[in-house]
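# Observations on the three-dimensional arrangement
Residue strings, one per chain:
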Amino acid sequence: MTLFKEVTAVESLAVKKTARLSLLGFFMAMPPVLVIISFIGAPILLALAFSLGFITGPNRIVALIGQEIYPKTSWWGTLDAFKSVINDSRFPGDLKTTLTVTIVSTTLVIIMALGMAIYQRIIGGRIASILVALSLVPLFVPVVISAFALRTFYDGTGFLKTVFYHIGLNFPTLTMTSNAVVIGVIWTSLPFAILMISSGMQSVPDALIESAQDAGAGFLRIVATIMIPLAFVPIVIATTFTAIGIMGSFTIPYFLGANQPTMLGVEISNFFGPYNRPQHSVVMAFIIFSAAAGIAILYIWANIRSAHQSGRI
Amino acid sequence: MLKNLLKKKLIGAFALTTITALSLGVTAPVSQAAGTTVRLYISADTNIQDLWVKTLIPAFTKDFPQYDVDVTFDRNGANDAQTLAKITAAVATKRDPGMDLIDGGISTTLGGAGLLFPLSYTSLIPNLKNVPKVLIANGKGAIPYRASTVLMAYNSKNVKNPPKTLNEVLTWIKANPGKFTYNAPSGGGSGASFVVTVLDSQLTAAETLKLQTVADKETQAKWAKGWEILRSLNKYTYGQNGTYPTNNAGTLDLLSKGLVDLAPVWSDQIASALKAGTMPKDIKVYSITNPSLTGGPAFLSIPATAKNRSAARALVNWVLTPAAQSLIVAGNMNGLPVIPVSKLDTEVAANISSIDITTLRPGYYSTNGNDMKAAWANEVPGKL
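Residues numbered from 1 in each chain as written. Chains lettered and ligands numbered in written order. Predicted model: local features only at pLDDT ≥ 70, side-chain atom pairs only at ≥ 80, totals over all residues.

## A word on the overall build of chain B
Selection criterion: A run of H or I in DSSP becomes a helix once it reaches four residues, and a run of E becomes a strand once it reaches two; helices and strands are each numbered from the N terminus. Here a residue counts as buried when 20 or more other C-beta atoms fall within 10 Å of its C-beta, as exposed when 12 or fewer do, and as partly exposed in between; the C-beta atoms come from the backbone. C-beta atoms are placed from the backbone for every residue, and two residues are taken to be in contact when these atoms lie within 7 Å.
Assigned secondary structure in chain B consists of 16 helices and seven strands. Out of the 384 residues belonging to chain B, those deemed buried represent 47%. Put simply, of all contacts in chain B between residues at least 6 apart along the chain, 79% involve residues at least 24 apart.

Take a look at the structure:
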């Protein structure tokens, strides 16, 4: 009897403590939430209203100055600005370039990161550690600097072109093409993918790999049926973050890409600045946003899956 | 009712944040020297920043130690749209926009929108009397203070007889594939000038005049022939794949490395590069004719509600003195003066005596210019 009382007392104390902790946690989470609501959430709502043709109130000034503004025609707004962007002859090319660069670069980044992570996990040793450390270098080089360096490396008087010229070959000038953009975004995205995936691979237990080896499984078999499935969630996270980052990139395509078609990040800036069409740029931003949201669903799905597997939900 | 109230509150909150942001930005310098700090906003290329920071401001503060100048630099006017919005909002609500003097392409737009301190009080800037009336009229309240023009640059090692007229230039480009380029108009004025010149060559004088003075969509439709010509150059410009350098510096870079032999460049930028030795001595410049490339005055502007506008006027008045104009011409800037050449130092005047700034061919009115940049990206690059 006394024991039972004690247990309930301890339990109620624990309940109180958890409640207090969760309240504290809530207040600790408040500042970032408030910052996001007031400085990001509100402007996004204003921008959405602007894209639908609400040009009064806080959107009045930008509508006054911008060119080709489509004001709302019904109570909920208008889709004229969206139509105008979609019918713009630049848009299909830009969208295609953005998606192609995103898909190609993300695939290459993930393949490279997987290779590096598997090499480090299975073979390991000093060389692998040095390689992983080296692969993190791009994290510490500002993107503007590396974009400029890549441009001087691949342009008409660049290193490769000069070397090939001396042996009598004509190496193509890569700058101002999507190829250079792919090279550039791989450089910037690789470190994060390697960090993410190799840490996922490190958590695969040795026992599983060794027992598979004992049962006679080959290298590819171990990778395909043990390592990749066990590191699946980190791989999906790396993929989604890489793809979203590449889709919204600006500096690399601005320095290395063609004038037209270009990636949407650069085009948004062109429409906002030089062409003075703020409504169009907002519309494009929402189109990129929805594409990125599509990728984010993949991320959420992977998280739910892992939660299911570990029995959290 | 409720909706209106909410709207008012939102605007209030918006204004409050703006004011807080502004006061955070300007409190420090103002509290030290109220009213005597000129907050100069430069929306231009780096050579203009150098002109102010290294040449004009030191000379001004030496002559007038009671003033000082606080510079904000916006490279190539990348934030022009926001700056315009800020000033428009500030003048509409009779508040200080956070800048007293603006140097950049937006000056004339502000003038056209009636947001500037009216120039009818010329007595406040007495030196304006030396500036040609036609230039002042073009400014619509903005103050012309220097001029520059776009010239054709060529590599004299490879080109013995550079093409003299626009038509000869177009023929030359096709005869020398890969040896000509101009930068994307959205990235810099030298490329924009070449594009405008090709477009104008297919228009009547009256149509060109319209595009230079008022927003005009109908006349823009007549650009079609010009786009046709520019598109036909895609196979012959540098790279031969319909790509163009991003900005003025990109053109100069290709020219200095010997990758192109002919390109439109700003008169002041090429002169500075030649003087600094970053451009080989073989590169020479000249004016083409029929039509010529564009050029014209650059304008300063004082927003109507600028807090330190009297200090700004003192700086403007000083910039228009013969001494300051000589600095613009002779220093690293290599600009053109807006006062008669005869008033400058004789040594400085000798180099530029042949140029008459009142006859420079102006570019487009700003909204037409924006439309031209947008349309160029739509019509020209990548279309083979």
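So much for the structure itself; the text now carries on.
## Quick notes on the overall build of chain A
Quick reminder of the rule: Atoms counted for the radius of gyration: C-alpha only. Globule rule: 2.2 Å times the number of residues to the power 0.38.
Helix and strand content of chain A: 14 helices and zero strands. Starting at the N terminus and ending at the C terminus, chain A contains elements arranged as α-α-α-α-α-α-α-α-α-α-α-α-α-α. Here chain A has a C-alpha radius of gyration of 26 Å; the compact-globule value for 313 residues is 20 Å, and the former is much larger. For chain A, buried positions account for 35% of its 313 residues. When contacts within chain A are restricted to residue pairs at least 6 apart in sequence, long-range pairs at least 24 apart make up 72% of them.

## Regarding helix α14 (residues 278-309) of chain A
Threshold: A helix's residues, less one, multiplied by 1.5 Å, set its expected span.
In this model α14 of chain A runs 46 Å from its N-terminal to its C-terminal C-alpha over 32 residues, within 8% of the 46 Å that 1.5 Å per residue would give. Glycine 311 of chain A, located one to two residues past α14 of chain A, shows a positive phi value of around 80 degrees.

## Description of the pairing of strand β4 (residues 143-155) of chain B
Residue and element names in this part refer to chain B. Counted only if it meets this: Pairs of strands are assigned from DSSP output, requiring at least two bridges between the strands.
Extensive coverage of β4 is indicated by the burial of 13 of its 13 residues. Bridge analysis of β4 against strand β7 (residues 295-301) gives six bridges, and the strand direction is antiparallel. Looking at the pairing, arginine 146 lines up with alanine 298 of β7. As judged from the five bridges shared by β4 and strand β5 (residues 262-266), these two strands associate in the antiparallel manner. Across the sheet, the residue bridging to valine 150 is tryptophan 266, located in β5. By the bridge criterion, four bridges tie β4 to strand β6 (residues 283-286) in an arrangement that is antiparallel. Within the sheet, the bridge partner assigned to tyrosine 154 lies in β6 and is lysine 284.

## Things to note about the nonpolar core
Worth spelling out the cut-off: The nonpolar core is taken to be a set of buried Ala, Val, Leu, Ile, Met, Phe, Trp, Tyr and Cys residues joined by way of C-beta atoms within 7 Å. Domains are outlined according to an automatic or database domain assignment.
One finds Ala113 and Ile197 of chain A together with Leu101 and Leu315 of chain B to be the most contacted residues of the largest nonpolar core, which totals 158 residues. With twelve residues, the top contributor of residues to this core is helix α8 (residues 178-202) of chain A. Looking at which domains feed residues into this core, each of domain 1 (34-147 + 297-355) and domain 2 (149-295 + 364-379) of chain B supplies at least three. Excluding residues that lie within four positions of it along the chain, isoleucine 197 of chain A makes contacts with Ala113, Leu114, Ala117, Ala231, Pro234, Ile235 and Ala238 of chain A.

## Section: the interface of chain A and chain B
What counts is decided by this rule: Residues were grouped as follows: Ala, Val, Leu, Ile, Met, Phe, Trp, Tyr, Cys and Pro as nonpolar; Asp, Glu, Lys and Arg as charged; and all remaining residues, including Gly, as polar.
Residue-level contacts link 25 residues of chain A with 26 residues of chain B. Sorting elements by how many residues they give to the side of chain A that touches chain B places helix α2 (residues 60-65) of chain A first, with four residues. The residue inventory of the side of chain A that touches chain B, partitioned by class, reads twelve nonpolar, eleven polar and two charged.

## Examining unusual backbone geometry
Residue proline 261 of chain A is bonded to the preceding glutamine 260 of chain A through a cis peptide linkage, with omega at -10 degrees. The omega angle of the peptide bond from asparagine 290 of chain B to proline 291 of chain B is -15 degrees, so this bond is cis rather than trans. Assignment of secondary structure puts proline 291 of chain B in the loop between β6 and β7. Positive phi, close to 55 degrees, is recorded for asparagine 334 of chain B, a residue that is not glycine. Looking at the secondary structure, you find asparagine 334 of chain B in the loop between α14 (322-330) and α15 (346-349). On the basis of neighbour counts, which here come to 23 C-beta atoms within 10 Å, the residue asparagine 334 of chain B falls in the buried class.

## Let's talk about helix α8 (residues 205-213) of chain B
All names here are of chain B. Basically, it comes down to this: Directions drawn from the helix axis to the C-beta atoms are what define this arc.
By the burial criterion, the buried members of α8 are Thr208, Leu211 and Gln212. Here the buried residues of α8 occupy an arc of 100 degrees about the axis, which is enough to place them on one side. Along its buried surface, α8 packs onto α7 (189-201), α9 (217-220) and α16 (366-379).

## Thoughts on the domain arrangement of chain B
Residue and element names in this part refer to chain B. What the domain assignment lists for chain B is domain 1 (34-147 + 297-355) and domain 2 (149-295 + 364-379). On a C-alpha basis, the centroid separation for the pair domain 1 and domain 2 is 27 Å. Counting from both sides, the interface comprises eleven residues of domain 1 and, opposite them, eleven residues of domain 2. Grouping the constituent residues of the side of domain 1 that touches domain 2 by class yields two nonpolar, eight polar and one charged.

## Things to note about the environment of isoleucine 209 of chain A
All names here are of chain A. Here isoleucine 209 lies in helix α9 (residues 206-214). Owing to 18 C-beta atoms within 10 Å, isoleucine 209 belongs among the partly exposed residues under this scheme. In this structure, the C-alpha to C-alpha distance between isoleucine 209 and isoleucine 226, residues 17 residues apart in sequence, is 7.4 Å.

## Things to note about the environment of glutamine 220 of chain B
All names here are of chain B. Its place among the elements puts glutamine 220 in helix α9. Residue class for glutamine 220 comes out partly exposed when judged on the 19 C-beta atoms lying within 10 Å of it. The sequence separation of glutamine 220 and lysine 210 amounts to ten residues, and the corresponding C-alpha distance is 9.9 Å.

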